[in-house]
Amino acid sequence: MGLRYLFGRVSIMLPVFIGVITVIFFMIRFAPGGPFDKEKIVPPEIMESLNAQYHLDQPLWKQYLIYLADLSRFDLGPSFKHANRTVNELIAEAFPVSLELGLWSLGWALLIGVLAGAMAALKPNSWLDYLPMSFSVLGICLPTFVIGPLLVLIFGLWMGVLPVAGWDSWQDRVLPSLTLGFAYAAFISRLMRGGLMEIRTQDFIRTARAKGLSEVQILFKHSLRGGILPVVSFLGPALAGLLTGALVTETIFNIPGLGRFFIESALNRDYTVVMGTSLLYFSILFVCNFVVDVLYVFLDPRVRYE
Amino acid sequence: MASSVPILAIRDLRAHFHTRRGIIKAVDGISFEIQKGETLAIVGESGSGKTVSQLSYLGLLPMPPLRIAGGQAFFHDTDLIKAGKDKLRAVRGDSISMIFQEPMTSLNPYLKIGTQLIEPLCLHRKLSKKEAWKVASESLEKVGIADAARTMHSYPHEFSGGMRQRVMIAMAITTKPEVLIADEPTTALDVTIQAQILELLGELKKETGMSIILITHDLGIVASVADKVLVMYGGKMMEEATAHELFSASSHPYTTALLKSTPRVDIPQEVLPVIGGSPPDLSKLSPGCPFYDRCALRLDACKETAPKPCSLSPSHRSFCHLETVQ
Ligand SMILES: Nc1ncnc2c1ncn2[C@@H]1O[C@H](COP(=O)(O)OP(=O)(O)OP(=O)(O)O)[C@@H](O)[C@H]1O
Ligand SMILES: [Mg+2]
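Predicted, not measured: the structure shown is a model, and the values here were computed from it. (Residues numbered from 1 in each chain as written. Chains lettered and ligands numbered in written order. Predicted model: local features only at pLDDT ≥ 70, side-chain atom pairs only at ≥ 80, totals over all residues. Heavy atoms only, no water.)

Participant: I'd love a proper account of the overall build of chain A, names of residues and values included.
Facilitator: The number of helices and strands found in chain A is 15 helices and zero strands. Sequence separation of 24 or more characterises 74% of the internal contacts of chain A that already satisfy a separation of 6 or more. Summed over its atoms, the accessible surface of chain A is roughly 15500 Å², and 71% of this surface lies on carbon and sulfur atoms. (Helix = DSSP H or I, 4+ residues; strand = E, 2+ residues; numbered from the N terminus. Contact = heavy atoms within 4.5 Å. Areas by Shrake-Rupley, 256 points an atom, 1.4 Å probe, with all protein chains shown as cover.)

In structure tokens:
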């Protein structure tokens, strides 16, 4: 295994990618409404020149080919709604913001989730277990539009230690990333606890005890490596989810990220922006899952040799 | 042999599982002693409590559900049952080591064999990693693994069950334990490998003078390696004797049935008789002898009253009403 498997994963990427492009392209085109529907009554000549500029006067298959040709040069086309801006520019502006928010959130989620899960598994069915696990139920149940305002209320308004909106200083990063990462931390803590509990029942843990190792030594040396695997396989979907699902958080904290663009463009039928963002999201999903596969191969020696 | 002070003395050990379906008396009143250099075999059918009888006093079973309902386990002067966790950990893997029934799963698949082998040495002998690595390699050579240096850097899944059991043995003996508990070390292995492993244990014992507690349900193995034998059934003691006494003059009907169902080299047999019936439900034991239902020679007394031990020689005791009646 190893390299060949990973190579296979990459080579299947291109056909899947083209399939995704095709599906999204025709899906938005067939959705009712068009990009210029809501404009005030435009003189027919202007409408015509607009349509010509964006190739909307061409047959659909031709538009599709034009799009593919542009895409092969990494050109995502001009925005329909933002005059004089290309999709590449829009994404280049908004994506780094979303990426930063996502990475901060993932950091929180891992830090809190792994620690809480390990703590819970160290002494199952004690308060060391019940406390973090009840928090995790909260984290999973409460939606971001409740957690966000709650954090703002506590840290922003009552205690006044953190800013409530904006995206300039590092303090601005704390509340949004906590808000976004909390549910993931909750989920990761469950995965971590579950993974460790599963490992605890394995024969080799009994061997470790028979050697005289302490519970803490057993946790760190013998359980963590295998117990963290469920968390590792979740990392890909988690990062992808954090990067693509920040819409509510970005809105609450007024952050100029990609999520807001995406919704706005879908509502406006800004075809190229929808396409560009979707393709970016898809690539993120693929890359994240791919990286996890590589990590997995690294962590579990058995996968390496198969 | 019984003259000197025993290294390990278990007295009237009771280890019960408290489960939702009731109390499972997996071990109920087991006693045995072992001297330096002695091999004690514990035999009995599957589910008779052999494994629990050892794991319980070493603190290797989760509590709950396990509860030690009584008894003592003296290792030299320390009662392991009363000893705290730290004291127990200091003994485990240092002076009392264990080899388990399941060689395929008893090594950590995520760690190199070397990393696992050096742990007892680093922990109990306070050796540096480098020194421990050297000692552990030697120990691998001792158990007959030719390419020790490479094996140290390999992962468990690269090896067969027999090789893994050798690694387990190497790991158990690195600290030169006084007592080695081998829980059916060969049950999961091929017949040819079984013989090799047993031979290896015999050699190691001769070389180091350690005592061995060998759990098995194979009386053939007992005959070839054990000094004395404890026969268990339904969590209780049936008979204890020297190996010679057991094979020449077994007393308990259960032992006799076990012996009959064991293939013998000296007497050709077409069909092996099996013991009729199945082992009892340990949560619903009557106060009498657990073998009552399946015993061919049962008396009325056997059902309601527990048999008292009957001494047939200083080293031979049988827990059966028949002995007291005669
Ligand atoms: N963790 C546990 N919880 C509840 N019951 C248990 C547990 N472990 C063992 N038992 C019960 O204790 C009894 C004795 O088990 P033990 O493993 O000691 O048998 P054994 O003689 O070693 O059998 P084998 O030859 O199959 O290894 C069995 O009836 C088993 O069901
Ligand atoms: Mg067993």
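Participant: Now, about the site of ligand 1: what can you tell me, with residues and values included?
Facilitator: All names here are of chain B. Around ligand 1, a shell composed of 15 residues is seen, among which Ser46, Gly47, Thr51, Gln101 and Glu184 lie nearest. Within the backbone of glycine 47, a nitrogen or oxygen atom sits 2.8 Å from an oxygen atom of ligand 1. Within the contact set of ligand 1, an oxygen atom lies 2.7 Å away from a side-chain nitrogen or oxygen of glutamine 101. Secondary structure elements with two or more residues in the shell around ligand 1: strand 2 (22-34) and helix 1 (50-55). (Near = heavy atom within 4 Å. Polar contact = N/O pair within 3.5 Å; in protein donor to acceptor, adjacent residues only side chain to side chain.)

Participant: Explain the pairing of strand 9 (residues 228-233) of chain B to me, using residue names and the numbers behind them.
Facilitator: Residue and element names in this part refer to chain B. Along strand 9, six of the six residues are buried, which leaves the element largely enclosed by surrounding structure. As paired elements, strand 3 (residues 39-43) and strand 9 share four bridges and run parallel to each other. Of the residues in strand 9, the one forming a bridge with isoleucine 42 is leucine 230. Here strand 9 runs beside strand 10 (residues 236-242); their pairing, made up of six bridges, is antiparallel. If you follow leucine 230 over to strand 10, its bridge partner there is glutamate 240. Hairpin connection from strand 9 to strand 10: two residues lie between these consecutive antiparallel strands, with glycine 234 at a positive phi of about 55°. (Buried < 20%, exposed > 50% of the residue type's maximum accessible area, 1.4 Å probe, protein only. Pairing = 2+ DSSP bridges.)

Participant: Residue-level account of the packing of helix 11 (residues 229-244) of chain A against helix 14 (residues 271-299) of chain A, with values.
Facilitator: Each pair of packed helices can be summarised by the angle the axes make with each other and by the distance between the axes. All names here are of chain A. Between helix 11 and helix 14, the shortest axis-to-axis distance is 9 Å and the interhelical angle comes to 165°. If you check the angle between helix 11 and helix 14, you find them roughly antiparallel. By crossing handedness, the relation of helix 11 to helix 14 is classed as right-handed. For the pair formed by helix 11 and helix 14, the contact residues are Leu229, Val232, Ser233, Leu235, Gly236, Pro237, Leu239, Ala240, Leu243 and Thr244 on the first element and Tyr281, Ile284, Leu285, Cys288, Asn289, Val292, Leu295, Tyr296 and Leu299 on the second. (Axes fitted to C-alpha atoms, helices over the stretch in contact; angles between N-to-C directions. Parallel < 35°, antiparallel > 145°, perpendicular 65-115°, else oblique. Left-handed = near helix turned anticlockwise from the far one by under 90°.)

Participant: So, the sheet that holds strand 2 of chain B: which residues are in play, and what are the values?
Facilitator: All names here are of chain B. One open sheet holds the four strands; their spatial order is 2-1-4-5, and the pairing between them is antiparallel. With partners counted over all chains shown, the strands left at the sheet margins are strand 2 and strand 5 (78-79), one partner each. Relative to strand 4 (residues 66-75), strand 1 (residues 8-19) runs antiparallel, the two sharing eight bridges. Note on strand 4: the bridge partner recorded for alanine 9 is phenylalanine 74.

Participant: Before we move on, could you go through the packing of helix 2 (residues 13-30) of chain A against helix 4 (residues 60-72) of chain A and cite the residues and values that matter?
Facilitator: Residue and element names in this part refer to chain A. One can describe the packing of helix 2 onto helix 4 by two numbers: an axis separation of 11 Å at closest approach and a directional angle of 135°. Taken together, the axis directions place helix 2 and helix 4 in an arrangement best described as oblique. Crossing of helix 2 over helix 4 shows right-handed handedness. Between helix 2 and helix 4, the residues in contact are Ile18, Ile21, Thr22, Phe25, Phe26, Arg29 and Phe30 and Leu60, Gln63, Tyr64, Tyr67, Leu68 and Leu71, respectively. Along the lines of polarity and charge, the residues of the contact of helix 2 with helix 4 split into 10 nonpolar, two polar and one charged. (Nonpolar A, V, L, I, M, F, W, Y, C, P; charged D, E, K, R; others polar.)

Geometric descriptors of this kind do not, in isolation, establish any biological role.
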